[in-house]
Amino acid sequence: MDFKLSEEQLMIRQAARDFAQQELLPGVIERDENQTFPHEAIKKMGELGFMGMMVDPKYGGSGMDTVSYVLAMEEISKIDASASVVMSVNNSLVCWGLQKFGTEEQKEKYLIDLATGKKLGAFCLSEPEAGSDATSQKTTAIEKGDHYLLNGTKNWITNGGSADVYLVIAQTHIEKKHKGINAFIIEKGWEGFEIGPKENKLGIRGSDTHSLQFNDVKIPKENRIGEDGFGFKFAMKTLAGGRIGIASQALGIASGAYELALKYSKQRKAFGTEICNHQAIAFKLADMAVEIEAARHLCIKAAWEKDQGMNYDLSGAMAKLYASKVAMDTTIEAVQIHGGNGYVKEYHVERLMRDAKITQIYEGTSEIQKIVISRSILND
């Protein structure tokens, strides 16, 4: 593995950094405070190619590698994790899932608009009683000749109110359990599809998270993804890639908090000198730098394995588990380094601390990642 980034990768990272500083930083505190979805920023991200980064150009994508995606996700997440989770879901879960497993007709109809940012996607797996346990789906899609009837509830859906296209996992053959699950493409506005109130969240408050209700929603047969019963495998394969995106988001939150803490420590004085000159603070910064670099290497390794066509289930789970822990630990320390100012919104670190927690929960909790990792190493 070559640790040197290519010229193209460096350019992508710089473009993401410039966009985050110029377009996302202004107003980020107000968007968090008011739970405002960054519509204009997301539109511009689509125009820059950040909403379909790994999609083939013939379907409107940027045709970039996964390493470039990690670099861009880190830079966006440093400034606004609410914007980066929108980007992550659209890239890792929706666009990738459709490109990898969708029919040519599905790609022509849905993927092009999603990859260019003209439309936004959502991935609908979690339920009130089936968060990380994808085998316990209560939402059903019963076959009725030339269509399916969809009934049930999905919870905690990112982009739930803003999406145009929804990939929904549902049980078709209850007696077959996980082998009877299917994945479907649903459009906003279909009869019987209702969007619940926006969740009032601790962090990533600019992203819109909703519950979704399906009441006899009629799904055309051609909107099923893959063969009958492929839904569980579709969800697992898609989530494996999604972990890389969330790991990168956690990495960005951590590195953003570290950069703020480092800058503040060089400006704030106590006992006659800048606080970075006090060993207690210097050692905190040293630990933060080491942990962030280790998380970055895990993220890039997982992305590299994905680009090489290797099995990245283990590396993706490791990256998400470690990077999310680093995000939580680093943001807590960043608040501590800021002292009383760390509790004040204008210094940003309290928001990053709140945003960090979700990275340990969605795309499978930290405990789920440990299950994936332990099964892999024990069966090796």
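Keep in mind that what you see is a predicted model, and the values were worked out from it rather than measured.

### Section: the pairing of strand β3 (residues 147-158)
Bridge count between strand β2 (residues 140-143) and β3: four bridges; the pairing is antiparallel. Its bridge partner being in β3, T140 is matched across the sheet by N151. Hairpin connection, β2 to β3: the antiparallel pair is bridged by three residues, and G145 has positive phi, about 80°. Judged from the nine bridges that link them, β3 and strand β7 (residues 209-220) form a sheet pairing that is antiparallel. From the neighbouring strand, T153 faces β7, where its bridge partner is Q213.

### Here we look at the layout of surface pockets
Volume-wise, the largest pocket comes out at about 1,400 Å³. Looking at the largest pocket, it is lined by 48 residues, and the ones nearest its centre are L125, L239, R243, E363 and G364. Contributing elements (two or more residues each) for the lining of the largest pocket: α5 (81-101), β3, α7 (231-267), α10 (349-358) and α11 (366-378). For the lining of the largest pocket, the element with the highest residue contribution is α7, accounting for eight residues. A volume near 370 Å³ is recorded for the second largest pocket. Taken together, 16 residues make up the lining of the second largest pocket; nearest its centre are E259, L260, K263, Y347 and H348. By residue number, the principal contributor to the lining of the second largest pocket is α7, which donates six residues. Taken together, the residues of the lining of the second largest pocket sort by class into six nonpolar, five polar and five charged.

### Brief notes about the pairing of strand β5 (residues 181-187)
Of all seven residues in β5, six are buried, a share of seventy percent or more. Pairing analysis gives seven bridges linking strand β4 (residues 165-171) to β5, with the strands arranged antiparallel. Paired with Y166 across the strands is I186, a residue of β5. Across two bridges, β5 lies against strand β8 (residues 224-225) in antiparallel orientation. Along β8, the bridge assignment pairs A183 with I225.

### Brief notes about the packing of helix α4 (residues 66-79) against α7
Direction vectors running N to C along α4 and α7 enclose 40°, while the axes themselves pass 7 Å from each other. The angle between α4 and α7 places the two elements in the oblique class. Between α4 and α7 lies a crossing whose hand is right-handed. Along the contact surface, α4 presents T66, Y69, V70, M73, E74, S77 and K78, while α7 presents I244, G245, S248, Q249, L251, G252, I253, S255, G256 and E259. Its residues assigned to classes, the contact of α4 with α7 comprises six nonpolar, eight polar and three charged.

### What to know about the pattern of salt bridges
Pairing between side chains of opposite charge can happen when their charged atoms approach one another. All told, the structure shown has 18 salt bridges when counted by the stated rule. Residues R296 and E293 are paired through a salt bridge, measuring 2.7 Å at the closest nitrogen-oxygen approach. Pair noted here: R296 and E293 are both in helix α8 (residues 279-307), with a separation of three residues, about one helical turn. Exposure remark for R296: the relative accessible area of 22% places this residue in the partly exposed category. For E293, a relative accessible area of 36% puts it in the partly exposed group. Via salt bridges that share partners, D32, E33, K345, E350 and R354 belong to a single interconnected network.

### Let's talk about the packing of α8 against helix α9 (residues 313-338)
In contact at an axis separation of 9 Å, α8 and α9 are set at 155° when each is read in the N-to-C sense. By the angle class used here, α8 and α9 are roughly antiparallel. α9 is crossed by α8, and the crossing has left-handed handedness. Taken together, the residues of the contact of α8 with α9 break down into 16 nonpolar, four polar and five charged.

### Quick look at a nonpolar patch on the surface
Together, M318, I377 and L378 make up a nonpolar patch on the protein surface, roughly 310 Å² of accessible area in all. Along the chain, I377 turns up in helix α11.

### Points about empty space enclosed by the protein
Once rolled over the atoms, a probe with the size of a water molecule shows which space is left empty. For the structure shown, the criterion picks out two cavities of 30 Å³ or more. Here the largest cavity is characterised by a volume of approximately 60 Å³. Where the lining of the largest cavity is concerned, the elements lending two or more residues are α2 (28-34) and α10. Looking at the lining of the largest cavity element by element, the count peaks at three residues for α2. Here the residues of the lining of the largest cavity sort into two nonpolar, three polar and six charged. The calculated volume of the second largest cavity comes to roughly 40 Å³. Forming the walls of the second largest cavity are M54, T66, Y69, S92, W96, G241, I244 and K306. By residue class, the composition of the lining of the second largest cavity is four nonpolar, three polar and one charged.

Parameters and conventions
Residues numbered from 1 in each chain as written. Predicted model: local features only at pLDDT ≥ 70, side-chain atom pairs only at ≥ 80, totals over all residues. Heavy atoms only, no water. Pairing = 2+ DSSP bridges. Helix = DSSP H or I, 4+ residues; strand = E, 2+ residues; numbered from the N terminus. 1 Å grid on protein atoms, 1.4 Å probe; cavity = no way out; pocket = protein on both sides within 12 Å on 5 of 7 lines; lining within 4 Å. Points joined across faces, edges and corners; volume = space filled by probe spheres on them. Nonpolar A, V, L, I, M, F, W, Y, C, P; charged D, E, K, R; others polar. Buried < 20%, exposed > 50% of the residue type's maximum accessible area, 1.4 Å probe, protein only. Axes fitted to C-alpha atoms, helices over the stretch in contact; angles between N-to-C directions. Parallel < 35°, antiparallel > 145°, perpendicular 65-115°, else oblique. Left-handed = near helix turned anticlockwise from the far one by under 90°. Contact = heavy atoms within 4.5 Å. Salt bridge = Lys/Arg side-chain N within 4 Å of Asp/Glu carboxyl O. Patch = residues over 30% accessible without salt bridge, like charges linked within 9 Å, V, L, I, M, F, W, Y side chains within 5 Å. Areas by Shrake-Rupley, 256 points an atom, 1.4 Å probe, with all protein chains shown as cover.

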